[in-house]
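Read off the chains here:
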Amino acid sequence: MMVRKQVFFILLLFCLTASLSWSEQIRLGAGVTGGLELPIAQFDQSKGSTFEVKARVGIFPGVIFEPNLTFSKYGDPPTHEEFVPDIDGNKITSYGLDAVLGGSWGSYGVHPYFVFGAGFYNTTQDQIGLDNTDFGWSAGVGIELGVSPQLSLDVRGKAVVIPTDGGGSKKSGMITGGINVVIK
C-alpha cells in the first residue's frame, strides 16, 4: 500500500513540475475504450471483456501520457480435468500510466503509435477468496484515426504481464477500440 502512495505522489509531482515548466505546451484530453481480454497460456481463464477510461496529457511533442483505470473480467475457465469447472473468471481492476509514442493530437489522418505502460493490477475471485494487488507492465501498438481536430478513433493491441508472488505471472492480450477527445 505504501509503494502505491509513493508512486502516486511521484507522478503527481512530475505532472505539477511539468505543468509549471511547459504550461503553454500542455495538451489535455480524455478517452474511453472497450474490447476483449484474451488470456495467454492460462488454463484457468477464458476470454473476457475490458473497459478503460483514461486522461490524456501531452507534455512533450510526440509523447502522450495516459493515466488510466481499467476494468477487466475474464470468462469462466473451460472444462478441464485439473480445474473446478464451475468457478467464475477473475476480475482485474488496474490503475496505471501509459506512454504513447506517436499517435494523433488533434490532427486528421491515420497515426500509428507504440504504447508502453505500468501500473497496479488488483486481481479478485470471490469464490476462492483471491484478492491480490501486483505491479505489472504492458506494451503494444495502435492506430489512431483523427476525424476532426477534437475527436479521434483509437484501436490498439497490448500485451499485459502481471508478475505474481509465486514466481509466475498472468499474461493476456487486450484488443480495444474507442474514442479520444481533445479538451485543450
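Computed from a predicted structure; not experimentally measured.

S.K.: I'd like a description of the overall build of the protein chain, backed by residues and values.
M.R.: A count of helices and strands for the protein chain gives one helix and eight strands. Counting helices and strands in the order they occur from the N terminus, the protein chain gives α-β-β-β-β-β-β-β-β. Put simply, the protein chain has 184 residues, and 36% of those count as buried. Of the contacts made within the protein chain by residues no fewer than 6 positions apart, 58% connect residues no fewer than 24 positions apart. As displayed, the protein chain has an accessible area near 10,100 Å², and 68% of this comes from carbon and sulfur atoms.

S.K.: Which residues make up the pairing of strand E4 (residues 91-102), and what values go with them?
M.R.: In this structure, strand E3 (residues 63-75) lies alongside E4, joined through eleven bridges in antiparallel fashion. Across the sheet, residue serine 72 finds its bridge partner in E4, namely isoleucine 92. Two strands pair when backbone bridges link them, and E4 and strand E5 (residues 109-125) are joined in this way by twelve bridges, in the antiparallel orientation. Within E5, the position partnered with tyrosine 95 by the bridge is phenylalanine 120.

S.K.: For the sheet that holds strand E8 (residues 169-182), give the residues involved together with the corresponding values.
M.R.: A barrel is described by the order of its strands in space; here eight strands give the closed sequence E1-E2-E3-E4-E5-E6-E7-E8, paired in antiparallel fashion. Neighbour to neighbour, the strand axes of the sheet diverge by 25 degrees on average, direction disregarded. Note: E5 against strand E6 (residues 130-146), 17 bridges, orientation antiparallel. Bridging across to E6, valine 115 finds its partner in glycine 140.

S.K.: If you had to explain the pattern of salt bridges to someone new, which residues and values would you point to?
M.R.: Within this structure, the stated rule accounts for eight salt bridges. Linking arginine 156 and aspartate 98 is a salt bridge whose minimum nitrogen-to-oxygen distance equals 3.8 Å. Here arginine 156 is found in strand E7 (residues 151-163), whereas its partner aspartate 98 is found in strand E4, with 58 residues between them in sequence. Pair check on accessibility: arginine 156 and aspartate 98 agree, each one buried.

Basis of the calculations
Note that residues are indexed from 1 along each chain, following the sequence as it is written. Note on the predicted model: pLDDT of at least 70 is required for a residue's local features to be given, and 80 or more for side-chain atom pairs to be given and counted; whole-chain, interface and lining totals, by contrast, use all residues. Computation of side-chain values: all heavy atoms of the structure, hydrogens and water removed. By the criteria applied, helices consist of DSSP H or I runs no shorter than four residues and strands consist of E runs no shorter than two, each listed in order from the N terminus. Relative accessible area decides the class of each residue, using a 1.4 Å probe on protein chains only: under 20% of the type maximum gives buried, over 50% gives exposed, and in between gives partly exposed. We call two residues in contact when some of their heavy atoms are within 4.5 Å. Each accessible area is a Shrake-Rupley estimate made with a 1.4 Å probe; only the visible protein chains count as cover when residues are assessed. For two strands to count as paired, DSSP must find a minimum of two bridges between them. The convention used is that axes are lines fitted to C-alpha atoms, helices contributing only their stretch in contact, and that angles between N-to-C directions extend from 0 to 180 degrees. A pair is scored as a salt bridge if a Lys or Arg side-chain nitrogen falls within 4 Å of a carboxyl oxygen belonging to Asp or Glu.

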